[in-house]
Structures are given as structure tokens and as C-alpha cells.
Amino acid sequence: RKKLPVYNCINHSTIMFRNTGDAGYRKKFKYSQDYDFYLNLLSKNLMPVNMKDVLIRERIIQQSITYLRRGEQEFFKKLAQDFYYERIKSGKDSYPLFDEEKVTEIEDRAVKKESAAGKKYFYGMQKIYYLLFSGRTRKARKEIRVLLKEKFNIKLFLYLITSFFPFAVKIRNKIKGLEFS
């Protein structure tokens, strides 16, 4: 409940629920529909709970919407957050006023703004994060070294150091209530 308004902490492929007709995706959200959906659930006090059982393994691929349409994803994420805070404050949001034609304009700007190198770097950082904190430290270390050769980043350097201490990753995950198999 505390994390969700700040960032999407629910992996879309992991959600299961029984819909009583109270919730659903909203048509104008081309990207981050799931995040808007979760925030709608949260504002209606219909928040799902986390299960401790690991039921899926996620595959991270560079051709996914998350990586190809990062700018658009960020725009819609911010919009979902704005609508959520409007609902919390006044009981309703300004979604009906949202102009779908402006979305195309925003998407075009976002696509032009993103470089191929930026997308590759973003993808690499995401992959490293998932590898490292799911306990696959050796694999993460290999990916970190590749990315560090391209561009030095203090966060990457800290990830590299962390990769040599798998027990630290396990302790961090235990503190955060995360378990990976």
C-alpha cells in the first residue's frame, strides 16, 4: 500500500484476482494500463495481497514494451499516479478530460528523445537488477562488467561489489520480504 503509489511493485504477469466488475483497464491508457489498474484497486480498497509462493519465472527481453516504449511507459505511469492522488484527494479523477489525441503527440516526442544506446543501457540495468536480487550473482557480475566497460556508473559499481557477497543479497531480500527460488 505504501510502495504502489510511488512505483509499480507488482509484476503484471504475476497478478491473479476474481473480478466482481468493480475494476478493469481504462481505454485511454495505451501503456502502464496495469499500473493504473492497480492504483484504481488501491483507491477503492480492493488491493490484492502478495503470496509467498513463487509461481512464475520472468523472462527479460530487450524487445518487450517495457524497454522499447520506455518514454511512453513513464508518461502513463506519471499520469496514473496523478489520477490516483486526485482520487485520494477528491474521490474522483480527471480521466474523462484526458485527450487521447495529445497522447500520439507525446508518444512521438518520447520515441524521438530515446536513443538506441539509452534503451540498451536501461535494459542492461534492469536485467542486472533482476539477476542480482534474484540471487544469480555470478550471472549479474558478468552483465555488470559488460555494462561498466561501456559507461561507468556508481550504482553499477556498487552492484558489482554486492555480487561478490551473495549472503548480503539474501539478507536484503529477507529484510524486504522477498524470496526467490
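Structural data are supplied above this passage.
This text gives an overview of the structure that appears in the document. Once a new chain begins, its residue numbering starts again from 1 and follows that chain's sequence as written. In keeping with the model being predicted, local features are shown solely for residues with a pLDDT of at least 70 and side-chain atom pairs are shown and tallied solely at 80 or more, while totals for entire chains, interfaces and linings include all residues. Working from all heavy atoms in the structure, the side-chain values ignore hydrogens and water.

1. What to know about the overall build of the protein
At step 1: To qualify as a helix, a DSSP run of H or I must reach at least 4 residues; to qualify as a strand, a run of E must reach at least 2; elements of each kind are numbered from the N terminus. From N to C terminus, the protein includes 8 helices and 0 strands.
At step 2: Sequence-ordered secondary structure for the protein, helices as α and strands as β, is α-α-α-α-α-α-α-α.
At step 3: Taken across its 181 residues, the protein has 33% of its residues classed as buried.
At step 4: Sequence separation of 24 or more characterises 68% of the internal contacts of the protein that already satisfy a separation of 6 or more.
At step 5: With the model as given, the accessible surface of the protein reaches about 12,700 Å², and the carbon-plus-sulfur share is 56%. Here the term buried applies to any residue with accessible area under 20% of the maximum for its type, exposed to any over 50%, and partly exposed to those in between, with areas from a 1.4 Å probe on protein chains only. Whether two residues touch is decided by their heavy atoms; if any such pair falls within 4.5 Å, the residues are in contact. Exposure was quantified through the Shrake-Rupley algorithm and a 1.4 Å probe, taking into account, for residues, occlusion by the shown protein chains and nothing else.

2. As for the packing of helix α6 (residues 137-150) against helix α7 (residues 154-163)
Packed helix pairs are specified by the crossing angle of their axes together with the interaxial distance, meaning the distance between the axes.
At step 1: For helices, the axis comes from a line fit to the C-alpha atoms of the stretch in contact; other axes are also lines fit to C-alpha atoms, and the angle between any two N-to-C directions lies between 0 and 180 degrees. Axis separation between α6 and α7 bottoms out at 9 Å; the angle between their running directions is 150 degrees. With respect to each other, α6 and α7 are oriented roughly antiparallel. Crossing hand, α6 versus α7: left-handed. Across from Thr137, Arg141, Ile144, Arg145, Leu147 and Leu148 in α6, the residues of α7 making contact are Leu156, Phe157, Tyr159, Leu160 and Ser163.
At step 2: Following the grouping adopted for this structure description, the nonpolar residues are Ala, Val, Leu, Ile, Met, Phe, Trp, Tyr, Cys and Pro, the charged ones are Asp, Glu, Lys and Arg, and the polar ones are all others, Gly among them. Among the residues making up the contact of α6 with α7, the classes are represented as 7 nonpolar, 2 polar and 2 charged. Roughly parallel here means an angle under 35 degrees, roughly antiparallel means over 145, roughly perpendicular means 65 to 115, and every remaining angle is called oblique. By the definition used in this description, the sense in which the near helix is turned from the far one sets the handedness, with an anticlockwise turn below a right angle giving left-handed and a clockwise turn giving right-handed.

3. Quick notes on a positive patch on the surface
At step 1: Patches here: salt-bridge-free residues with over 30% relative accessible area, like charges joined within 9 Å, nonpolar side chains (Val, Leu, Ile, Met, Phe, Trp, Tyr) joined within 5 Å. Note on definitions: salt bridges are taken to be side-chain nitrogens of Lys or Arg within 4 Å of carboxyl oxygens of Asp or Glu. None of His or the chain ends enter the tally, which takes Lys and Arg as positive and Asp and Glu as negative. Where a charge lies is defined by one atom per residue type, namely NZ (Lys), CZ (Arg), CG (Asp) and CD (Glu). Together, Arg57, Arg136, Lys139 and Lys142 make up a positively charged patch on the protein surface.
At step 2: Locating Lys142 in the fold gives a position in helix α6.
At step 3: We classify Lys142 as exposed; its relative accessible area is 61%.

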